[in-house]
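So you can see what is in the structure, the chains are spelled out below.
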Amino acid sequence: MSRSGGPAVLCDMDIGRWLTLVAAGLVLVCAAVVAADDDHARAKAAREAGQIVSLQSILDRVQAEFTGSLVAVELEEDDAPWIYKVKLLTPAGAIVKLEYDARDGRLLRVKGRDAEPARRQKHD
């Protein structure tokens, strides 16, 4: 059969390209795993050195300050200090994003529709 009208036939060049793409994909996956391990090690070291508060401390604070179900938590350190990013699903069905300073657990930012109704009332 001819190449133009017959079934697809892989030539040596196509296989080489495919193998190159597969190899590049494996390199990217391995790099992501190494980076994740490095992030985990840095976060663990920061916690052990007392530079950041524990995740449990943040979760206790979230529960004391807001109503809703935990959806996700991330600990990030870009160019700024460590930040805990928390996503909650409110009883009204909205997603609220909270940011806490990981150094002291202080609430930095609240974003999202129905964020205020999700706040627990403070009792004096």
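Structure shown above.
What this report covers is the structure whose coordinates are included nearby. All values reported here derive from a predicted model rather than from experimental measurement.

### Focus: the overall build of the protein
- Counting its regular elements, the protein contains three helices and four strands.
- Looking at the protein as a whole, 19% of its 124 residues are labelled buried.

### Some thoughts on the sheet that holds strand β1 (residues 69-76)
- Across the sheet, four strands lie side by side as β1-β2-β3-β4; this open sheet has antiparallel pairing. The sheet is open, and its two edges are formed by β1 and β4 (107-111), each paired on a single side. Averaged over all pairs of adjacent strands, the angle between their axes in this sheet comes to 15°, without regard to strand direction.
- Pairing of strand β3 (residues 95-101) with β4 involves four bridges; the strand directions are antiparallel. Bridge assignment links Glu 99 to a residue of β4, and that residue is Arg 109.

### Digging into the nonpolar core
- Counting 17 residues, the largest nonpolar core has Ile 58, Val 62, Tyr 84, Val 86, Leu 98 and Tyr 100 as its most contacted members.
- Taken together, the elements giving at least two residues each to this core come down to α1 (12-48), α2 (55-65), β2 (83-89), β3 and α3 (115-118).

### Focus on the pattern of salt bridges
- Tallied over the full model, the rule gives six salt bridges.
- A salt bridge links Arg 103 to Asp 101; the nearest nitrogen and oxygen atoms lie 2.7 Å apart.
- Taking the relative accessible area as the measure of exposure, Arg 103 reaches 46% and is therefore partly exposed.
- Residue classification places Asp 101 among the buried positions, given a relative accessible area of 2%.
- The network of salt bridges with common partners includes Asp 101, Arg 103, Asp 104 and Arg 106.

### A closer look at the environment of Ala 46
- You can see Ala 46 is positioned in helix α1.
- Along the primary structure Ala 46 and Ala 102 are separated by 56 residues, whereas in three dimensions their C-alpha atoms are 9.9 Å apart.
- Discounting residues that sit within four places of it in the chain, Ala 46 has contacts with Gln 51, Ile 52 and Trp 82.

### Focus: the pairing of β3
- β3 sits mainly inside the fold: five of its seven residues count as buried.
- For β2 and β3, the ladder comprises seven bridges, and the chain directions are antiparallel. Paired with Tyr 84 across the strands is Tyr 100, a residue of β3.
- The turn linking β3 back onto β4 is made up of five residues, and Gly 105 within it adopts a positive phi angle of 80°.

The rules we used
Residues numbered from 1 in each chain as written. Predicted model: local features only at pLDDT ≥ 70, side-chain atom pairs only at ≥ 80, totals over all residues. Heavy atoms only, no water. Helix = DSSP H or I, 4+ residues; strand = E, 2+ residues; numbered from the N terminus. Buried < 20%, exposed > 50% of the residue type's maximum accessible area, 1.4 Å probe, protein only. Pairing = 2+ DSSP bridges. Axes fitted to C-alpha atoms, helices over the stretch in contact; angles between N-to-C directions. Core = buried A, V, L, I, M, F, W, Y, C linked by side-chain atoms within 4.5 Å. Salt bridge = Lys/Arg side-chain N within 4 Å of Asp/Glu carboxyl O. Contact = heavy atoms within 4.5 Å.

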